[in-house]
Structures are given as C-alpha cells and as structure tokens.
Amino acid sequence: SQTIHQWPATLVQPVGSPLSLECTVEGTSNPNLYWYRQAAGRGLQLLFYSVGIGQISSEVPQNLSASRPQDRQFILSSKKLLLSDSGFYLCAWSVQGASGELFFGEGSRLTVL
Amino acid sequence: SQQGEEDPQALSIQEGENATMNCSYKTSINNLQWYRQNSGRGLVHLILIRSNEREKHSGRLRVTLDTSKKSSSLLITASRAADTASYFCATASNSGYSTLTFGKGTMLLVSP
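All of the points below concern the structure found in this document. (Residues numbered from 1 in each chain as written. Chains lettered and ligands numbered in written order. Predicted model: local features only at pLDDT ≥ 70, side-chain atom pairs only at ≥ 80, totals over all residues. Heavy atoms only, no water.)

### Observations regarding the interface of chain A and chain B
So, step 1. Chain A puts 20 residues into the contact, and the matching count from chain B is 21 residues.
So, step 2. Summed over both sides, the interface between chain A and chain B buries roughly 1600 Å², with carbon and sulfur atoms accounting for 52% of that surface.
So, step 3. Among the ionic pairs, Arg 41 of chain B bridges to Glu 106 of chain A, the shortest N-O distance being 2.4 Å.
So, step 4. Secondary structure elements with two or more residues in the side of chain A that touches chain B: strand E4 (32-38), strand E5 (44-52) and strand E9 (87-94) of chain A. (Contact = heavy atoms within 4.5 Å. Buried area = accessible area lost by both parts, 1.4 Å probe. Salt bridge = Lys/Arg side-chain N within 4 Å of Asp/Glu carboxyl O. Helix = DSSP H or I, 4+ residues; strand = E, 2+ residues; numbered from the N terminus.)

### Points about the pairing of strand E11 (residues 106-111) of chain B
Residue and element names in this part refer to chain B.
So, step 1. Bridge count between strand E2 (residues 10-14) and E11: five bridges; the pairing is parallel. Bridged to Leu 11 within E11 is Leu 108.
So, step 2. By the bridge criterion, three bridges tie strand E9 (residues 85-93) to E11 in an arrangement that is antiparallel. The residue of E11 that forms the bridge with Tyr 87 is Thr 106. (Pairing = 2+ DSSP bridges.)

### Comments concerning the pattern of salt bridges
So, step 1. Applying the stated criterion across every chain yields a total of seven salt bridges over all chains.
So, step 2. Linked through salt bridges whose partners overlap, the residues forming this network are Arg 36, Arg 60 and Asp 83 of chain B.

### Some remarks on the pairing of strand E4 (residues 29-37) of chain B
Residue and element names in this part refer to chain B.
So, step 1. Of all nine residues in E4, eight are buried, a share of seventy percent or more.
So, step 2. Direction of pairing for E4 relative to E9: antiparallel, over a ladder of eight bridges. When the sheet's bridge partners are listed, Gln 33 is paired in E9 with Ala 90.
So, step 3. With seven bridges joining them, E4 and strand E5 (residues 43-50) adopt antiparallel strand pairing. The partner of Asn 31 across the bridge, within E5, is Arg 50.
So, step 4. Counted along the chain from E4 to the antiparallel partner E5, the turn is five residues long, and its residue Gly 40 has a positive phi close to 75 degrees. (Buried < 20%, exposed > 50% of the residue type's maximum accessible area, 1.4 Å probe, protein only.)

Quick look at the structure:
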C-alpha cells in the first residue's frame, strides 16, 4: 500500500533562518507531488506541484522554493524565513495524469519567530 | 482566489442529528471532492463526484452536485462525536491538467 511521510512535524525557526521540509512517498511510482500551506482558519493554498523529477510548477510567488531530486521525494525550502511563512504545510500526492484524489501527509507546523 | 466556498463556516449539532454542508464554486469543473481534516492533521479524502453525476453515497455520507447552480452539498447522517472535524470541498477544473482548489472549510462540532 502507498504511504506518505512528511517531516519534521513541528518546527520553530527564527526570522532569516533557512528551511527544509521533506516529503517522501512509498508504494507508488511517478506520482504527482504537491506542497500546500494552510494558514490558521483558512483553506489550503497550493504552493508547488510536480509531475516529474526536476519539474516544478509554482503557484504563488514567494520566498519559498521546491525541489524533486528523486521520483518520490519532494522538498520545500527557503533561504531566509519571514514571519509570514508561519503556517501548516501539507505534502500530498496523486496518481499521475488524473484529476483524482489527493493523499496527504500529516503536515508540518512551522512557527517563525 | 478560492474556487470553492463552504457554507456554513461552523456548524454545531448533537450526536444523532444530520449535518449538511454546502459548497459553491465559480468555474466549470471536471469533478468535485470532499475532504475531512481532524485538528492538526492532514486531510483525508471522503468522496469524489464527477460533473456528470448528480448524487453519490458512501456509508453515512451523501453528496449532491448541481452543475447548473455550481454547488454541492455534503450530508452526514446520524452524526457521531468522532465526526467532529473540518470539512473541505475541492474542485478540479476541466481545462486540461489541473490541480485541486480548496475552499476554506466548514468546522463541524458534534456534541455527545
């Protein structure tokens, strides 16, 4: 069966520090991969999605970046965090080529102080 | 901007009652999906309804879709305290490859 792992679960970082959130998927090949951010009391905002290794599409301009160094690995990064980067970050995957369901990780809670 | 908008924003009911949540969207869709999120957790897919379907059932869940009104509803029958969660609708457009666009969610509280 397919599983998705996301870490770290909780992170407290000072303003200006770097960020790296990692997500890996097991049990499937060539998935679509996604990073969403959820601000308190709000819906999900799509940040990045990827349909293959090295292929990243950005939905929202920001100081975050994403990379997909391997088929089932998706990394969210920042060189210098802002206060506004605080939030709940969710990684998800879906079957390639379909407008089907998303399978989400358990999320990473980022607090920037 | 958000494609789906859920209504109400919050709903409080007693165990055993039915809960109805609504979702409205703006553009043509390929399908509409409902997800559930327990506090501080990831989202879990509940049900998908395609644009050519009008109603779908899954256990205690019933989803309707009215493409002429660009709206959907999620009915949870005989609610339980364990149904307490936030519920989101998400739409997939029918214009080529698309990603899902989520609404802001309805927070459901079911009291014992």
